[in-house]
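Listed here are the chains, written in short residue letters.
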Amino acid sequence: MRRKLAIGVSLGLVASLGLTACSADGGGDGDSITIQFGNVISPGDTQNVAYEMFAELVNERSDGRITVEIYPDSQLGGENEMIEAVQAGQIQMTAPSVGVLANFDDSLSVFDFPFIFEDAETAYQVLDSELGDDILAGLEGSGLQALGWGENGFRNLAMTSGSVTSPGEMQGVKLRTMEVPLHIAFWESIGAAPTPMAFPEVYTALQQGVVDGVENPYELLHSANFTEPANYLTELRWIYDPEIILISESFFSGLSEEDQQIILDASDEMIEYLRELKIGVSDEIREEIEAAGGTITDLTDAERQEWIEAAIPFYEQYADTVDTETLIALLEAAGNDTYLDAIQ
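Residues numbered from 1 in each chain as written. Predicted model: local features only at pLDDT ≥ 70, side-chain atom pairs only at ≥ 80, totals over all residues. Heavy atoms only, no water.

Looking at an unreviewed UniProt entry, one finds the chain named TRAP transporter substrate-binding protein and attributed to Candidatus Agrococcus pullicola. Here the chain is described in UniProt, under the heading Subcellular location (unreviewed entry), as follows: "Cell envelope". (UniProt positions renumbered as here; feature names shortened; annotations may be inferred.)

Here it is as structure tokens:
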């Protein structure tokens, strides 16, 4: 899909728009190009390690003409702000989670349903399939162009006052969530009190008891120090959180075909490298959390099944609020018969 895009953009948009590649500060001589790549992830986390590798590949293969500047840790704004900035061509790249990006392309809301994927390998197979390509193609014409599927990982629970093993224990629990309507609706459906909150506010909110817990992948929980006030963790894996590597459509269309291909190929290699990094990071982070005094609870098969079954009413209620055909295709590709039976 990404190599087809290189041909389509170079023959179509470049011809129609006649744009010239320019630097981030507005230069337009075409000799040197600067790409500002903003994200909300902490420096040193696996995503930013992979993004730095992408920057090195692009610089090397362009003989130094293209410089990719990585801005981690929300330096260029929150995810919504950076998506809008990429649309407007004010910055060139970002990598938001699909939950936030669904605010700009509602077809991506299918990924906001819980317990679709059993493991990362299944997720990769689905995302790398024709179905995954078709979903990315849905961004075309929005000012955003998808370079591929990144990864934040499976989201787990971190609580301040005790481990959680069953959905019934979430009654009335104030849980920080992203500002994603379906995430909020799921936690409400099992009796929790989801509390949407900007990421920089979460640590203090956990410390002061404004919220009782937070859900995120282990790496992000740990790098943001959330596991200090919320040191009771449950490996829930309630949702797989892919990110989408985005580039400004107008910026990309203004590049030469050669430079487009450099970016496309480097993004492919970056994604492969990111997945390799992610394979071992959860085990490493778990060890670090436990060494610092945290408690991590693994669910038994029966406990996990209780969570899966608790989500069936949510699927029954909300499946028709999204692109149901795509949701069904996603569940079929993931081999998830439990929720297919619930919504068909």
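Continuing now.
Let's talk about the side chain of Glu219
Tracing the chain through its elements places Glu219 in helix H10 (residues 218-223). Beyond its immediate chain neighbours, meaning those up to four positions away, Glu219 contacts Asp45, Thr46, Gln47, Lys278, Val281 and Ile285. (Helix = DSSP H or I, 4+ residues; strand = E, 2+ residues; numbered from the N terminus. Contact = heavy atoms within 4.5 Å.)

Some words on the side chain of Asp259
Within the secondary structure layout, Asp259 lies in helix H12 (residues 257-291). Accessibility expressed as a relative area gives 4% for Asp259, which makes it buried. Excluding its chain neighbours within four sequence positions, the residues that come into contact with Asp259 are Ile33, Arg65 and Ile66. (Buried < 20%, exposed > 50% of the residue type's maximum accessible area, 1.4 Å probe, protein only.)

Notes on the pattern of salt bridges
This model, assessed by the stated rule, comprises eleven salt bridges. Two residues, Glu118 and Arg304, come together in a salt bridge whose shortest N-O distance is 3.7 Å. Here the residue Glu118 occupies a position in the loop between helix H5 (98-101) and helix H6 (120-127), and Arg304 occupies one in helix H13 (residues 301-310), the gap between them amounting to 186 residues. As a salt-bridge pair, Arg155 and Glu215 come within 2.5 Å of each other at their nearest N and O atoms. Of the two residues, Arg155 is situated in strand S4 (residues 144-159) and Glu215 in strand S7 (residues 213-216); the sequence distance between them amounts to 60 residues. Given the relative accessible area of 0%, Glu215 is considered buried. Salt bridges here are not isolated pairs; linked through shared partners, they connect Glu118, Glu235, Arg237, Arg286, Asp298 and Arg304. (Salt bridge = Lys/Arg side-chain N within 4 Å of Asp/Glu carboxyl O.)

A few points about unusual backbone geometry
The phi torsion at Asp63 lies on the positive side, around 55°, for a residue other than glycine. Along the chain, the position of Asp63 falls in the loop between helix H3 (46-61) and strand S2 (66-71).

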